[in-house]
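Coordinate inspection notes
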Amino acid sequence: MTLFLSTDRMVLREFTPDDAELLVELDGDPEVMRYLTGGRPTPPEVVRERTLPRILAHYRRPPGLGWWAALGRGSDEFLGWFEFRPTRDGDAREVELGYRLRRAAWGGGLATEGCRALVDKGFTELGVERVTANTMTVNAASRRVMEKSGLRHVRTYVGDWPEMIDGAEHGEVEYALTRQEWLTGTD
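Residues numbered from 1 in each chain as written. Predicted model: local features only at pLDDT ≥ 70, side-chain atom pairs only at ≥ 80, totals over all residues. Heavy atoms only, no water.

This paragraph deals with the overall build of the protein. Scanning the protein for helices and strands turns up six helices and eight strands. Taken from the N to the C terminus, the helices and strands of the protein come in the order β-β-α-α-α-β-β-β-α-β-α-β-β-α. For a compact globule of 187 residues, the expected C-alpha radius of gyration is about 16 Å, and the protein comes in at 16 Å, within 12% of that figure. Here the protein, with 187 residues, has 49% of them falling under the buried criterion. Long-range pairs, those at least 24 residues apart, make up 60% of the contacts in the protein with a sequence separation of at least 6. Taking the average location of the 25 positive side-chain charges in the protein and that of its 31 negative ones, the two points are 2 Å from each other. (Helix = DSSP H or I, 4+ residues; strand = E, 2+ residues; numbered from the N terminus. Rg over C-alpha atoms; globule rule 2.2 N^0.38 Å. Buried < 20%, exposed > 50% of the residue type's maximum accessible area, 1.4 Å probe, protein only. Contact = heavy atoms within 4.5 Å. Lys, Arg positive; Asp, Glu negative; His and termini not counted. Charge placed at Lys NZ, Arg CZ, Asp CG, Glu CD.)

This is the structure we're talking about:
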């Protein structure tokens, strides 16, 4: 197991092939998937044959960023995952920040704790110059996490999605933070 980051209440580590059932359970929760698929669970075979292999393949690409399994510190309870990966392969100057947590982990500040720690690590250790994150405009909880993590609203846009879900008519939002803004505390 490769540990990527540790916070007060979590450890973020690389996924392994043995984590398939954790992802199946996470993506099988309609509430977790509400703003991603309209609540439709991801079929288990898709998780096993496409999602997890894509996650594992990302660790082999420079600069070694990707998706990280979040576990309770001391308990090893699976909480979900965090994403911190380049928006362009091999170029860590701009990374996408994201997360997906089990419902049991909602509302306690874990999403913000993990996102802040990733932003700090990116700017202090990994050569990141810009962090970006996206969600549906109507996803107020994720927007609050982005704001509490220091990111600022950049734009609202309408994506060309193959399937519309409730709330999609209001568009998507992009939040971002540059290293310079992070250093100076300005937006």
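Looking only at helix α5 (residues 140-148), the buried set comprises Ser142, Val145 and Met146. Here the buried residues of α5 occupy an arc of 100 degrees about the axis, which is enough to place them on one side. Taken together, the buried residues of α5 touch β5 (91-101), α4 (110-125), β6 (130-136) and β8 (172-178). Where α5 ends, the next residue or the one after it, glycine 150, has phi of about 100 degrees, a positive value. (Arc of directions from axis to C-beta.)

Glancing now at the pairing of β6. Burial analysis of β6 places five of its seven residues in the buried class, which makes it a mostly covered element. Bridging between β5 and β6 involves three bridges; their strand directions are parallel. For glutamate 96, the partnering residue across the bridge sits in β6 and is threonine 132. Regarding the hand of the β-α-β motif, the stretch spanning β5, α4 and β6 is right-handed. Two elements, β6 and β8, share seven bridges in a ladder whose sense is antiparallel. For valine 131, the partnering residue across the bridge sits in β8 and is leucine 177. (Pairing = 2+ DSSP bridges. Right-handed = clockwise from strand over helix to strand, strands pointing away.)

Despite not being glycine, aspartate 76 has its phi angle at roughly 60 degrees, a positive value. In this structure, aspartate 76 sits in the loop between β3 (66-72) and β4 (78-88). For aspartate 76, a relative accessible area of 54% puts it in the exposed group.

Attention shifts here to the side chain of threonine 112. With respect to the helices, strands and loops of the structure, threonine 112 is situated in helix α4. The class for threonine 112 is buried, based on a relative accessible area of 9%.

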